[in-house]
Amino acid sequence: MTDPLFAISIAVVALFAGLIGSLIGLGGGVIITPLLVLGFGIDIRYAMGAALVSVIATSSGAAAAYLRDGISNMRIGLSLCVATTIGAVGGAMAATVLPQNTLSIIFGVALLATVALSLGSKKPKAQSEDKSDPLAVKLNLPGSFPTPQGMQKYTVHRFIPGFLMMGVAGILSGLLGIGSGAFKVVAMDQIMRIPFKVTTATSNFMIGVTAAASVGIYLKRGYLDPALVAPVSLGVLVGAFLGARLLSVAPVRILKTIFLVMVSLIAVQMILRGSGVSL
Amino acid sequence: MTDEKIQSLLARVMVGGVIISGIIILGGLTWYLATHIGVPPGDHVFSGEPKFFETFGGMIRRAFSWHEIGERRSIIMVGIVLLLLNPIVRVGLAAAGFFAQRDWQYCAISALVFAVLVFSFFA
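Presented here is a report on the structure given in the accompanying data block. Residue numbers here run from 1 along each chain, matching the order of that chain's written sequence. Numbering of ligands from 1 and lettering of chains from A proceed in the order in which they are written. Reporting in this predicted model follows two pLDDT cut-offs: at least 70 for local features of residues, and 80 or more for side-chain atom pairs to be given and counted; totals over whole chains, interfaces and linings ignore these cut-offs and use all residues. Only hydrogens and water are set aside when side-chain values are computed; all heavy atoms of the structure are taken into account.

Digging into the pattern of salt bridges
Spelled out, the test is: Each salt bridge in this description consists of a side-chain nitrogen of Lys or Arg and a carboxyl oxygen of Asp or Glu lying within 4 Å of one another. The buried label applies to any residue whose accessible area, calculated with a 1.4 Å probe on protein chains only, is under 20% of its type's maximum; exposed applies above 50%, and partly exposed to all values in between. A run of H or I in DSSP counts as a helix once it spans at least four residues, and a run of E counts as a strand once it spans at least two, with each numbered from the N terminus.
Scanning the entire structure with this criterion turns up two salt bridges over all chains. Residues A:Asp43 and A:Arg45 are paired through a salt bridge, measuring 3.7 Å at the closest nitrogen-oxygen approach. Of the two residues examined, A:Asp43 and A:Arg45, each falls in the buried class. Between B:Asp103 and A:Arg75 there is a salt bridge; the shortest N-O distance is 2.9 Å. Residue B:Asp103 is located in the loop between helix 3 (73–100) and helix 4 (104–122), and its partner A:Arg75 is located in helix 4 (residues 74–97); the two belong to separate chains. Accessibility assignment for this pair places B:Asp103 and A:Arg75 in one class, buried.

Now the structure itself:
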């Protein structure tokens, strides 16, 4: 295969990854890496580097829209970014020394966990009249967000456990070159009991910042090959944009089931590949 | 400066940054591919990249040098680095905004995140 053909086929695959990612809410990064590794035989670290750049591109676009609408909470995002960025630097350093096979296995397991998390219930928890965690109050985290019924106030709970979970999300992001949005959502939604809308918006703001912390290390180590990063990031960006447009018209529930099954199979393949089993 | 003002400034910087870097990456990729027809891709085996993008200035110089066709992809790298700077600028602007608000607590928190990012890129 020649270079232009290679770049075009990668861009097309990346476009589908971005499209699927935004339709099922997983993000393109976690889908594109296995496709590059399994489908094109690309070294997992190059794939991770390209995926991380695409994560920064898509999350910057999405986060901007949320910021403008006043839904995301910058104070929550920035204080938790302390945990995610430090974790990401550690994770990225670990990624540079771990063997490819080990990374493959960890990637597959994390992908399965991501699928499981996205199947979990997303019922909006009742925002009772309870009080926020005193530390969260001290950090000025409780806020309000616009709803059709006007501004709604919310409380913020269990800051320390949430912060620690964010550290884990950061490590995974740096180690695997993913946005780890699903893990960030767990920390904010399940642990800190922040309203889901605020959680997803703030998570988008954080994903780009977290990814930037690890991508600096990938860059210095030479895992960003321009000839791979360009088609991947452009493809995912366009795919994610189209996906966001399609969300309102596509049969999301059916697509989600189909793609989640596909992604699970891909995850298993990654684990098998890392274990040296070939199918 | 109110929170709303900081947020709308950040939003504009983010969208503008993504669009500009996307255009540079697309342009660089097109140019690179046009000069590389028939060359097989070399990403299949991991090996550290040649150190031709370690400085931003060197990258730009090489991108536009007529003697080094093989390093046209430096243009792509310029676009990529611009994209990567986006979150860093985002955090830096937030720090400046909180400073203007005299919110020292969040000025310090943003500065800490900013320091981690700068460390990862330059340390």
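Now that the structure has been shown, we can carry on.
Thoughts on the nonpolar core
Counted only if it meets this: What we call a nonpolar core is a set of buried Ala, Val, Leu, Ile, Met, Phe, Trp, Tyr and Cys residues that are connected through their side-chain atoms within 4.5 Å. Two residues qualify as a contact provided that any one of their heavy atoms is within 4.5 Å of a heavy atom in the partner residue.
Among the nonpolar cores identified, the biggest contains 116 residues, and A:Leu36, A:Ile42, A:Leu224 and B:Ile80 are the most heavily contacted of them. When residues of this core are assigned to their parent elements, the largest contribution, 14 residues, is made by helix 3 (residues 44–69) of chain A. When neighbours within four sequence positions are excluded, B:Ile80 is seen to be in contact with A:Val53, A:Leu224, A:Pro226, A:Val229 and B:Ile25.

Some thoughts on the packing of aromatic side chains
The following threshold applies: Note on aromatic contacts: the rings of Phe and Tyr and the six-membered ring of Trp form a pair at centre separations within 6.5 Å, being stacked when their planes are under 30 degrees apart, edge-to-face when over 60 apart, and tilted otherwise. By the criterion adopted, a ring carries a charge over it if an Arg CZ or a Lys NZ lies within 6 Å of its centre and within 35 degrees of its normal.
Applying the stated criterion to the full structure yields six aromatic pairs over all chains. Residues A:Phe6 and A:Phe40 carry aromatic rings whose centres are separated by 6.0 Å and whose planes lie at 90° to one another, so their mutual orientation is edge-to-face. Of this pair, A:Phe6 sits in helix 1 (residues 3–24) while A:Phe40 sits in helix 2 (residues 29–40), and the two are 34 residues apart along the sequence. Accessibility classification places A:Phe6 together with A:Phe40 in one group, the buried group. Over the ring of B:Tyr106 we find A:Arg75; its NZ or CZ atom is 5.4 Å from the centre of that ring. Stacked on the ring of A:Phe205, the Lys or Arg B:Arg90 has its end atom at 5.7 Å from the ring centre.

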